[in-house]
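An overview of the molecular structure
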Amino acid sequence: MSEYSSTSPGARMVLSSDDIERVLTRIAFEIIEANKGTEDLVLLGIPRRGFPLAQRLAERIAASSAEGITADSLVGQLDITMYRDDLRHSSTRTPAPTRLPAGGIDGKVVVLVDDVLYSGRTIRAALDALADWGRPRIVRLAVLVDRGHRELPIRADHVGKNLPTAKSEKVRVHLAETDESNEVIIEAGV
């Protein structure tokens with residue numbers, strides 16, 4: 001793994017493309033084990049980068065399942081734009097469509113998927129949005145990176161990498177589906 005990213009001069013790479021693939025494979029198996037299979041399992045990705053991560057996890061879970069499920073039957077997208085508590089303070093966000101699997105989420109084990117867990121506010125918004133779509137039996141959280149600095153009592157059940165950071169640093173996740181590369185980098189803060 002190269003120490004520095006080719007996409008951001010001076011940025012320190014903490015996960016390469018191969019690292020991300022290994023981490024997602026591990027998380028997929030952790031999800032299957034925690035759920036004791038794939039029955040009633042739904043993965044909901046939080047736009048923008050949580051959704052492609054949820055798709056990758058669903059593909060791995062479906063491929064390893066003896067139950068004959070498809071990735072499409074496991075994965076959905078949960079838009080949280082209108083549930084955020086920083087709407088007045090941040091730039092305009094374009095809402096993404098919420099798409100649930102055909103079976104919905106009532107009585108299901110829902111795994112929310114996001115790229116970086118930081119303050120916990122995005123996940124709080126996701127929990128609020130989720131309540132408007134149904135009543136899952138269990139809600140779990142899977143993240144690629146947990147960088148700490150929580151402001152709310154929220155923790156991830158499945159973590160790709162715990163990454164202690166300074167508040168001034170920026171953690172950037174680049175995925176091929178949304179960006180030009182697959183990597184996680186830290187940029188020094190001001």
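Scroll up to find the structure.
We now turn to the structure provided with this report.

Another aspect to go through is the sheet that holds strand S3 (residues 75–77). With parallel pairing, the 5 strands of this open sheet are ordered in space as S3-S2-S4-S5-S6. Edge positions in the sheet fall to S3 and strand S6 (158–162), since each has one partner strand and no second. The average undirected angle you get between the axes of adjacent strands in this sheet is 25°. Two elements, strand S2 (residues 41–45) and strand S4 (residues 109–117), share 5 bridges in a ladder whose sense is parallel. Within the sheet, the bridge partner assigned to leucine 41 lies in S4 and is valine 109. This element, helix H2 (residues 50–64), spans S2, S3, S4 and strand S5 (138–146) of the sheet and lies at about 155° to S2. Packing against the sheet, helix H4 (residues 121–133) makes contact with S2, S4 and S5, and its axis sits at approximately 155° to S4.

Among the nonpolar cores identified, the biggest contains 34 residues, and Ile31, Leu43, Leu144 and Val184 are the most heavily contacted of them. The contacts of leucine 144, once residues within four sequence positions are left out, are Leu15, Ile20, Val23, Leu24, Leu53, Asp114, Asp115, Gly160, Lys161, Val173 and Val184. Counting residues in each nonpolar core, the second largest holds 19 residues, with Leu44, Ile46, Ile105 and Ile154 among its members.

In this section: the side chain of arginine 49. Within the secondary structure, arginine 49 sits in the loop between S2 and H2. For arginine 49, the side chain forms a polar contact with the side chain of aspartate 179, separated by 2.8 Å. When neighbours within four sequence positions are excluded, arginine 49 is seen to be in contact with Asp115, Val173, Leu175, Thr178 and Asp179.

Further remarks concern the side chain of threonine 165. Looking at the element boundaries, threonine 165 is found in the loop between S6 and strand S7 (170–174). A polar contact is formed between the side chain of threonine 165 and the side chain of arginine 147, at a distance of 2.9 Å. In contact with threonine 165, other than residues within four places in its own chain, are Arg147, His149, Val171 and Ile186.

Procedures and definitions
Residues numbered from 1 in each chain as written. Predicted model: local features only at pLDDT ≥ 70, side-chain atom pairs only at ≥ 80, totals over all residues. Heavy atoms only, no water. Pairing = 2+ DSSP bridges. Helix = DSSP H or I, 4+ residues; strand = E, 2+ residues; numbered from the N terminus. Axes fitted to C-alpha atoms, helices over the stretch in contact; angles between N-to-C directions. Contact = heavy atoms within 4.5 Å. Core = buried A, V, L, I, M, F, W, Y, C linked by side-chain atoms within 4.5 Å. Buried < 20%, exposed > 50% of the residue type's maximum accessible area, 1.4 Å probe, protein only. Polar contact = N/O pair within 3.5 Å; in protein donor to acceptor, adjacent residues only side chain to side chain.

Geometric descriptors of this kind do not, in isolation, establish any biological role.
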